[in-house]
Amino acid sequence: MSTEHPLRPHGNGYRKGPVLLRGGQVPTTTTDQRLLARGGGEVDWVHGDPWRVMRIQSEFVEGFGALAEVGSAVSVFGSARTARDAPEYAWGVAVGRGLAEAGYAVITGGGPGVMEAANRGAHEAGGLSIGLGIELPFEQRMNDYVELGVNFRYFFARKTCFVKYSQGFVVLPGGFGTFDELFESATLVQTHKVTEFPIVLLGTDYWRGLLDWLRTTVVDRGNINPIDLDLLQVVDDPEEAVSLVLERSAELAAEEDAAVAEYAAAELDAQQHSNGW
């Protein structure tokens, strides 16, 4: 049986925020584990947590600062385990390329698999390829197609940046991490915490079981409304996925322009009345 420590990877090392660690410098726990640990009967957390708040604040400052001038962007989610010869990898490349050609930056988790594919498509099309990495207890370096990369210690800070800088979401087949990102996005749109940005699922066969469960078990028990499922659009063609995102983004931009014009007209009307015109 191997005696190698599970958190001590070889090769490209272990990322702890912006810091790279190798060999004996790799910690035995992640930053999230230490944040969420209760600490038994000890009270060290009374002194440690205020400093953690400062570190959390610094992650938001660094992330917001790095992404502030990105412009229009779309997040692409999907499995880190997807092989380069898998159909889903080709989908990711096509989605990244299509978004970049339409003038959008592409944001992924910065890792391998589908994330690498979307970053690759954006990079090869001359677009801005962004990766938001995360500290994990196993090696997952930033893929080679990321041009602007930010490494996070905390999942919640990273997810905030995904949502804050995206005008839409394309979700390819993936596991728990992808599900988390999908339902986070859907919840924020459904509760109107963010604008009704498009959420497009790519791969009917993969998502059918989940959607059938939502339509029956979850809707039948009244836990969501049938209309909530309209937030999720499912397609099998990467070009169609990109088109849906672009169409909805154009609609939202038109709605925003109309609202601004209406507000300006109302302000002018109020000013004219106040001046006795």
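In what follows, the accompanying structure is described.

**Overview of the environment of Gly 121**
Item 1. As for its placement among the helices and strands, Gly 121 is situated in helix 4 (residues 114–124).
Item 2. Under the relative-accessibility criterion, Gly 121 is labelled buried at 0%.
Item 3. For the pair formed by Gly 121 and Leu 99, sequence separation is 22 residues and the distance between their alpha carbons is 8.7 Å.

**Re the side chain of Asn 119**
Item 1. In this fold, Asn 119 is placed in helix 4.
Item 2. When its relative accessible area of 0% is taken as the criterion, Asn 119 is described as buried.
Item 3. There is a polar contact of 3.0 Å between the side chain of Asn 119 and the side chain of Asn 143.
Item 4. Excluding anything up to four places from it in sequence, Asn 119 contacts Val 106, Thr 108, Gly 110, Ser 129, Ile 130, Asn 143, Tyr 145 and Val 146.

**Details of the environment of Val 200**
Item 1. Tracing the sequence through the fold places Val 200 in strand 8 (residues 199–202).
Item 2. Judged by relative accessible area, Val 200 falls into the buried class, the value being 0%.
Item 3. Distance from Val 200 to Phe 169, taken between C-alpha atoms, is 6.3 Å for residues 31 residues apart in sequence.
Item 4. The contacts of Val 200, once residues within four sequence positions are left out, are Phe 169, Val 170, Val 171, Gln 233, Val 235, Ala 241, Leu 244 and Val 245.

**Brief notes about unusual backbone geometry**
Item 1. In this structure, His 192 takes a positive phi of about 60 degrees despite not being glycine.
Item 2. Position of His 192 among the secondary structure elements: in the loop between helix 6 (176–190) and strand 8.
Item 3. His 192 sits in the exposed class, given a relative accessible area of 67%.

**Notes on the packing of helix 6 against helix 7 (residues 204–220)**
Item 1. Following both chains from N to C, one finds helix 6 and helix 7 inclined at 60 degrees, their axes separated by 14 Å at the closest point. Regarding the angle of helix 6 to helix 7, the classification is oblique. The element helix 6 and its partner helix 7 pack so that their crossing is right-handed. Here Thr 178, Phe 179, Leu 182 and Phe 183 of helix 6 lie close against helix 7, whose contacting residues are Tyr 206, Trp 207 and Leu 210.
Item 2. Of the residues contributing to the contact of helix 6 with helix 7, the split by class is six nonpolar, one polar and no charged.

**A short note on the packing of helix 5 (residues 155–164) against helix 6**
Item 1. Direction vectors running N to C along helix 5 and helix 6 enclose 55 degrees, while the axes themselves pass 11 Å from each other. Classified by the interaxial angle, the pair formed by helix 5 and helix 6 is oblique. Read as a crossing pair, helix 5 and helix 6 show a hand that is right-handed. Counting all contacts with helix 5, which are made through Arg 158, Lys 159, Phe 162 and Val 163, the residues of helix 6 involved are Asp 180, Glu 181, Glu 184 and Leu 188.
Item 2. Of the residues assigned to the contact of helix 5 with helix 6, the class counts are three nonpolar, no polar and five charged.

**Things to note about the packing of aromatic side chains**
Item 1. Inspection of every chain in the model, using the stated rule, returns eight aromatic pairs.
Item 2. Geometrically, the ring pair formed by Tyr 154 and Phe 156 is stacked, given 5.4 Å between the ring centres and 25 degrees between the ring planes.
Item 3. The class of Phe 156 is partly exposed, set by a relative accessible area of 34%.
Item 4. Relative to Phe 179, the ring of Phe 176 lies with its centre 6.4 Å away and its plane at 75 degrees, an arrangement referred to as edge-to-face. Linking Phe 176 with Phe 179, this pair stays in helix 6, spanning three residues, or about one helical turn.
Item 5. Given the relative accessible area of 27%, Phe 179 is considered partly exposed.
Item 6. A cation over a ring is seen here: Lys 164 above Phe 64, with NZ or CZ 5.1 Å from the ring centre.

Criteria and cut-off values
- Residues numbered from 1 in each chain as written.
- Predicted model: local features only at pLDDT ≥ 70, side-chain atom pairs only at ≥ 80, totals over all residues.
- Heavy atoms only, no water.
- Helix = DSSP H or I, 4+ residues; strand = E, 2+ residues; numbered from the N terminus.
- Buried < 20%, exposed > 50% of the residue type's maximum accessible area, 1.4 Å probe, protein only.
- Polar contact = N/O pair within 3.5 Å; in protein donor to acceptor, adjacent residues only side chain to side chain.
- Contact = heavy atoms within 4.5 Å.
- Axes fitted to C-alpha atoms, helices over the stretch in contact; angles between N-to-C directions.
- Parallel < 35°, antiparallel > 145°, perpendicular 65-115°, else oblique.
- Left-handed = near helix turned anticlockwise from the far one by under 90°.
- Nonpolar A, V, L, I, M, F, W, Y, C, P; charged D, E, K, R; others polar.
- Phe/Tyr/Trp six-rings, centres within 6.5 Å; stacked < 30°, edge-to-face > 60°.
- Lys NZ or Arg CZ within 6 Å of the ring centre and 35° of its normal.

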